[in-house]
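# Structural features, examined
Letter by letter, the chains look like this.
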Amino acid sequence: MPTAMRLTGLVKSFGVKRAVDGLDLQVPAGSLFGLVGPNGAGKTTTLSMATGLLRPDAGTAEVLGHDVWTDPAAAKATMGVLPDGVRLFDRLSGRELLSYVGRLRRVPPADIASRSGDLLEALGLAADADTLVADYSAGMTKKIGLACALVHAPRLLVLDEPFEAVDPVSGEGIRSILRRYTRDGGTVVLSSHVMELVESLCDQVAVVAQGRVLVSGPVDEVRAGSTLQQRFLELVGFRAGDEEGLAWLRSSSG
Ligand SMILES: Nc1ncnc2c1ncn2[C@@H]1O[C@H](COP(=O)(O)OP(=O)(O)OP(=O)(O)O)[C@@H](O)[C@H]1O
């Protein structure tokens, strides 16, 4: 199977902190790929380097055959990105923001209008299409960010925590959009902390800890007869007995 994203030897340090430490990852084309790891594992830093938002100290990132850092225009044209915590132009309404992003991506105006309508409807934002993004809730902001990532019909979607703060109905809507997208030949890379979600949605998964990939492959192989949650805890080292700490929190101790 061809590779949609290939990360090789990626390294990024912030001061003395090595956030990503020689990370290698291959995402097969057409897969729905989940990136999981504990807080601070390096997921956002990795996805930022893979999408051209953060320059690596070392290593290479390639998407659909284009090097992200030596051929950024070609690489970025193929990708739709939902970054974590990057500010949107929030003095625009949802519809205006989609139109702006569509124009930046050189989508024909008639297509921008019809795609925006479809996306706003599919993500449950139609009633708030003309509300300023600044006035959106956290979940609505996530959804308009996802719509922006999709409006130019990219072949690869890179989504940092796409389900964070999203309600269950919208979550189901996003899941069905992503499933259909991969059925039609697209590739999705998403990060998440929710193992059940990754297990039920993704066909491939990588577990990242301390800036490295601990294991990567088909979800069934990685969980190896167990649940992904159990396997994740084994891999990243759940500290049994932690519940004995914080004794002062017991209401009876005061
Ligand atoms: N701009 C920055 N400056 C300094 N340190 C940073 C910066 N960005 C990330 N880090 C550090 O790099 C490490 C990896 O952070 P990163 O955000 O990539 O992790 P993550 O896996 O996405 O975590 P989470 O699941 O909590 O979102 C952390 O120790 C974090 O404190």
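Keep in mind it's a predicted model, so treat the numbers as computed, not measured.

Definitions and limits used
- Residues numbered from 1 in each chain as written.
- Predicted model: local features only at pLDDT ≥ 70, side-chain atom pairs only at ≥ 80, totals over all residues.
- Pairing = 2+ DSSP bridges.
- Helix = DSSP H or I, 4+ residues; strand = E, 2+ residues; numbered from the N terminus.
- Axes fitted to C-alpha atoms, helices over the stretch in contact; angles between N-to-C directions.
- Contact = placed C-beta atoms within 7 Å.
- UniProt positions renumbered as here; feature names shortened; annotations may be inferred.
- Buried ≥ 20, exposed ≤ 12 C-beta atoms within 10 Å, placed from the backbone.
- Right-handed = clockwise from strand over helix to strand, strands pointing away.
- Expected span 1.5 Å × (residues − 1).
- Arc of directions from axis to C-beta.
- Near = placed C-beta within 6 Å.
- Domains from an automatic or database assignment.
- Nonpolar A, V, L, I, M, F, W, Y, C, P; charged D, E, K, R; others polar.
- Parallel < 35°, antiparallel > 145°, perpendicular 65-115°, else oblique.
- Left-handed = near helix turned anticlockwise from the far one by under 90°.

## Observations concerning the sheet that holds strand 3 (residues 32-36)
On the basis of which strands lie adjacent, the open sheet formed by six strands has the order 6-7-8-3-9-10 and mixed pairing. On the outer flanks of this sheet lie strand 6 (79-82) and strand 10 (212-218), each paired with one strand and no other. Strand-to-strand twist in this sheet, taken as the mean axis angle between neighbours without regard to direction, amounts to 15 degrees. Alignment of strand 3 against strand 8 (residues 187-191), held across four bridges, turns out to be parallel. By the bridge assignment, L32 is partnered in strand 8 with V188. The strands that helix 1 (residues 43-50) touches are strand 3, strand 7 (156-160), strand 8 and strand 9 (204-209); relative to strand 7, the one it contacts most, it runs at about 150 degrees. On the sheet, helix 6 (residues 168-183) packs against strand 3, strand 7 and strand 8 and is oriented at approximately 145 degrees with respect to strand 8.

## Digging into the UniProt feature "domain: ABC transporter" (unreviewed entry) in the chain
Following the UniProt record, one finds the feature "domain: ABC transporter" (unreviewed entry) at residues 5-235. Here residues 5-235 runs as 38% helix and 27% strand, with 24 Å between its end C-alpha atoms.

## Points about the pairing of strand 7
Taken residue by residue, a regular strand's side chains alternate between the two faces of the sheet. Burial runs high along strand 7: five of the five residues are buried. Here strand 7 shows two buried faces, one formed by L156, V158 and D160 and the other by L157 and L159. Taken together, the four bridges between strand 6 and strand 7 define a ladder with parallel strand orientation. The residue of strand 7 that forms the bridge with L82 is L159. Each parallel crossover has a hand, and the one from strand 7 via helix 6 to strand 8 is right-handed.

## Brief notes about helix 6
Taking 1.5 Å of rise per residue, 16 residues should cover 22 Å, and helix 6 covers 22 Å from first to last C-alpha, within 8% of that figure. Looking only at helix 6, the buried set comprises S170, I174 and L178. Down the axis of helix 6, the smallest arc covering the buried residues is 75 degrees, so these residues share one side. In helix 6, the exposed residues that point more than 90 degrees away from the buried face are P168, V169, E172, S176, R180 and R183. For helix 6, the secondary structure elements touched by its buried residues are strand 3, helix 5 (138-150), strand 8 and helix 7 (195-201). A positive phi of about 105 degrees marks G185, the residue just after helix 6.

## Points about the site of the ligand
Around the ligand, the surrounding shell consists of F14, K17, A19, G37, N39, G40, A41, G42, K43, T44 and T45. At the level of secondary structure, the elements contributing two or more residues to the shell around the ligand comprise strand 2 (17-28) and helix 1. Broken down by element, the shell around the ligand gets its largest block of residues, three residues, from helix 1.

## Overview of the domain arrangement of the chain
Per the domain assignment, the segments making up the chain are domain 1 (1-78 + 155-238) and domain 2 (87-153). The centre of domain 1, based on its C-alpha atoms, is set 24 Å off from the matching centre of domain 2. Per element, the largest residue contribution to the side of domain 1 that touches domain 2 is five residues, and it comes from helix 6. Of the residues assigned to the side of domain 1 that touches domain 2, the class counts are eight nonpolar, two polar and two charged.

## Topic: the packing of helix 3 (residues 94-104) against helix 4 (residues 109-122)
Taken N-terminus to C-terminus, the directions of helix 3 and helix 4 make an angle of 135 degrees; their axes are 10 Å apart at the nearest point. When the axis of helix 3 is compared with that of helix 4, the two are oblique. Helix-helix and strand crossings are classified by hand; for helix 3 and helix 4 the assignment is right-handed. Contact with helix 3, carried on its side by G94, R95, L98, S99, G102 and R103, involves I112, S116, L119 and L120 of helix 4 and no other residues of that element.

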